[in-house]
Amino acid sequence: MYGKAFAPEYQGALTTLSVNSSLTDVLEAGTEQLRAAERAGKPGEVARSGLAVAEAQRRLGRVADADRAWKASYRAAREAEDVGAMAWALWSGGTLARQRGALPLARRLLQLAADLGERGGDIVVRGYSLAGLAETGRIQGDYEAVGRLHEQLLAEARRRGEARHTVWALEGIAQMHRNTGDYDTAYALFEESAEIAERADDRRGHAWALRGLADVVSVRDGDTERALELLSEAETTCRAMRLSSALAYNHKMRGNVLYRSGRYAEARALYEQALAEFREMSEPRGEALSRLGLAKSLARLGRDRGETAAELADLAGTLERIGLQHARKMVAIAHEELGIPDTGLALAGATEATR
């Protein structure tokens, strides 16, 4: 049995904030509390209110502000000798690093956060940090290494009745099944995560689950209209909560759905929109995936084959620099799909492309 979803990253005087609070509200409340704590000379409260500020800035796509905020939170936590708060600040920094595409840094910071969480007896930050490590590996396509960790974290979350973490783990496992072609299992897991999120009033988790369901409905069933309906429902939540990154990924997925149905001009417009959104928030993974969808759409609309080949080659290098093991396979699939000769890209890894 799961209780109401809660946001453990909102701490100290900010525990009254809901998991569904809009990010602008979180930022305003966090900044106000941060200034009050600084005036009062309370470094522990500075650290904890600063964490909320860092997370709001990160989720709003304000990378530079988020980077300054998590580092300031860590310094205040260290001054207060608060090991748990130090772990939370490192978790925020590691999550930001992953968002920015700095995957080796993300792994280092998240491992440090998990170690500090264990040392300080904070099982929640330990769990969130291990989840961050698992998600980083999943994004890279290293499913064998992180699949067991996802399952372990899912079992722990179920045992404690933590709805939000259960939803996260289910969605991560579902995504791996989807990417390896097991669409029925992926659908069932996304469906379960959507149901748990809805009952627990976890609107963010529900929006991500709907995106996953839309993807499977599109690729497995070819049901374009149902997929678009699910994405529209998720978009309403993203806009209400100001979930900038989730909204951009929603738009990219809408482009995927339209591309699969042969509506290339519409897909192009969505990929261009998502690309601009990802660039604004400095999120290289989303940017690269949007570029790939856009390149494929433009090719279908008659773009010069040489230009498309050059774009795909540049994308392969970009994705490899980010550290995605499945990058070559993604681009190779695009070459095959478009009938454009591959100049030697290796077929290795998993895929999260637009097919």
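Residues numbered from 1 in each chain as written. Predicted model: local features only at pLDDT ≥ 70, side-chain atom pairs only at ≥ 80, totals over all residues. Heavy atoms only, no water.

Details of the packing of helix H6 (residues 123–140) against helix H7 (residues 143–160)
Relative to each other, H6 and H7 sit at 150°, their axes nearing to 9 Å. Regarding the angle of H6 to H7, the classification is roughly antiparallel. Considering the relative orientation of H6 and H7, their crossing is left-handed. Residues Ile 123, Arg 126, Gly 127, Leu 130, Ala 131, Leu 133, Ala 134, Glu 135, Gly 137 and Arg 138 of H6 form the contact with H7, whose participating residues are Tyr 143, Val 146, Leu 149, His 150, Gln 152, Leu 153, Glu 156 and Arg 160. Residues belonging to the contact of H6 with H7 are distributed by class as follows: 9 nonpolar, 4 polar and 5 charged. (Axes fitted to C-alpha atoms, helices over the stretch in contact; angles between N-to-C directions. Helix = DSSP H or I, 4+ residues; strand = E, 2+ residues; numbered from the N terminus. Parallel < 35°, antiparallel > 145°, perpendicular 65-115°, else oblique. Left-handed = near helix turned anticlockwise from the far one by under 90°. Contact = heavy atoms within 4.5 Å. Nonpolar A, V, L, I, M, F, W, Y, C, P; charged D, E, K, R; others polar.)

Some thoughts on the side chain of Arg 59
Within the secondary structure, Arg 59 is located in helix H2 (residues 43–59). Judged by its relative accessible area of 11%, Arg 59 is buried. Apart from the residues lying within four places of it in its own chain, the contact partners of Arg 59 are Glu 9, Tyr 10, Leu 23, Trp 91, Arg 164, Arg 204, Arg 242, Leu 243, Ser 244 and Ser 245. (Buried < 20%, exposed > 50% of the residue type's maximum accessible area, 1.4 Å probe, protein only.)

Things to note about the side chain of Ser 22
Summarising the element assignment, Ser 22 is placed in the segment before helix H1 (23–40). At a separation of 3.1 Å, a polar atom in the side chain of Ser 22 contacts the side chain of Thr 24. If we skip the residues at most four places from it in the chain, Ser 22 touches Ala 240 and Met 241. (Polar contact = N/O pair within 3.5 Å; in protein donor to acceptor, adjacent residues only side chain to side chain.)

A few points about helix H4 (residues 83–99)
Between its first and last C-alpha, H4 extends 24 Å over 17 residues, near the 24 Å set by a 1.5 Å rise per residue. Along H4, 16 of the 17 residues are buried, which leaves the element largely enclosed by surrounding structure. Backbone nitrogen of Gly 84 and a side-chain oxygen of the N-cap are separated by 3.2 Å at the start of H4; the cap is Asp 82. (Expected span 1.5 Å × (residues − 1).)

What to know about the pattern of salt bridges
Across all of its chains, the model carries 28 salt bridges by this definition. Put simply, Glu 9 and Arg 59 hold a salt bridge, and the shortest N to O gap is 2.8 Å. Linking Glu 9 in the segment before H1 with Arg 59 in helix H2, this pair joins segments that are 50 residues apart in sequence. Of the two residues, Glu 9 and Arg 59, both sit in the buried class. Across the salt bridge formed by Glu 287 and Arg 279, the nearest N and O atoms sit 3.1 Å from each other. Sharing partners across several salt bridges, the network here consists of Glu 9, Glu 55, Arg 58, Arg 59 and Arg 164. (Salt bridge = Lys/Arg side-chain N within 4 Å of Asp/Glu carboxyl O.)

Things to note about a negative patch on the surface
A surface patch of negative charge is lined by Glu 191, Glu 195, Glu 198 and Glu 233. Among the elements that line the negative patch, the one with the most residues is helix H9 (residues 183–199), at 3 residues. By secondary structure assignment, the location of Glu 195 is in helix H9. (Patch = residues over 30% accessible without salt bridge, like charges linked within 9 Å, V, L, I, M, F, W, Y side chains within 5 Å. Areas by Shrake-Rupley, 256 points an atom, 1.4 Å probe, with all protein chains shown as cover. Lys, Arg positive; Asp, Glu negative; His and termini not counted. Charge placed at Lys NZ, Arg CZ, Asp CG, Glu CD.)

Focus on the confidence of the model for the protein
Here the protein averages 91 in pLDDT, and 95% of its residues register 70 or above. This model gives residues 345–355 a pLDDT under 50, and the stretch forms 45 contacts once residues within four places in sequence are excluded. (pLDDT = per-residue confidence, 0-100.)

Some details on the packing of aromatic side chains
Counted by the stated rule, this structure contains 6 aromatic pairs. Plain terms: the ring middles of Trp 91 and Tyr 128 are 5.8 Å apart, the flat faces sit at 75° to each other, and that makes the pair edge-to-face. One end of the pair, Trp 91, is in helix H4; the other, Tyr 128, is in helix H6, and 37 residues separate them in sequence. Of the two residues, Trp 91 and Tyr 128, both sit in the buried class. Within the aromatic cluster, the residues linked to one another by ring pairs are Trp 88, Trp 91 and Tyr 128. Above the ring of Tyr 187, the side-chain terminus of Arg 220 is found at 4.8 Å from the ring centroid. (Phe/Tyr/Trp six-rings, centres within 6.5 Å; stacked < 30°, edge-to-face > 60°. Lys NZ or Arg CZ within 6 Å of the ring centre and 35° of its normal.)

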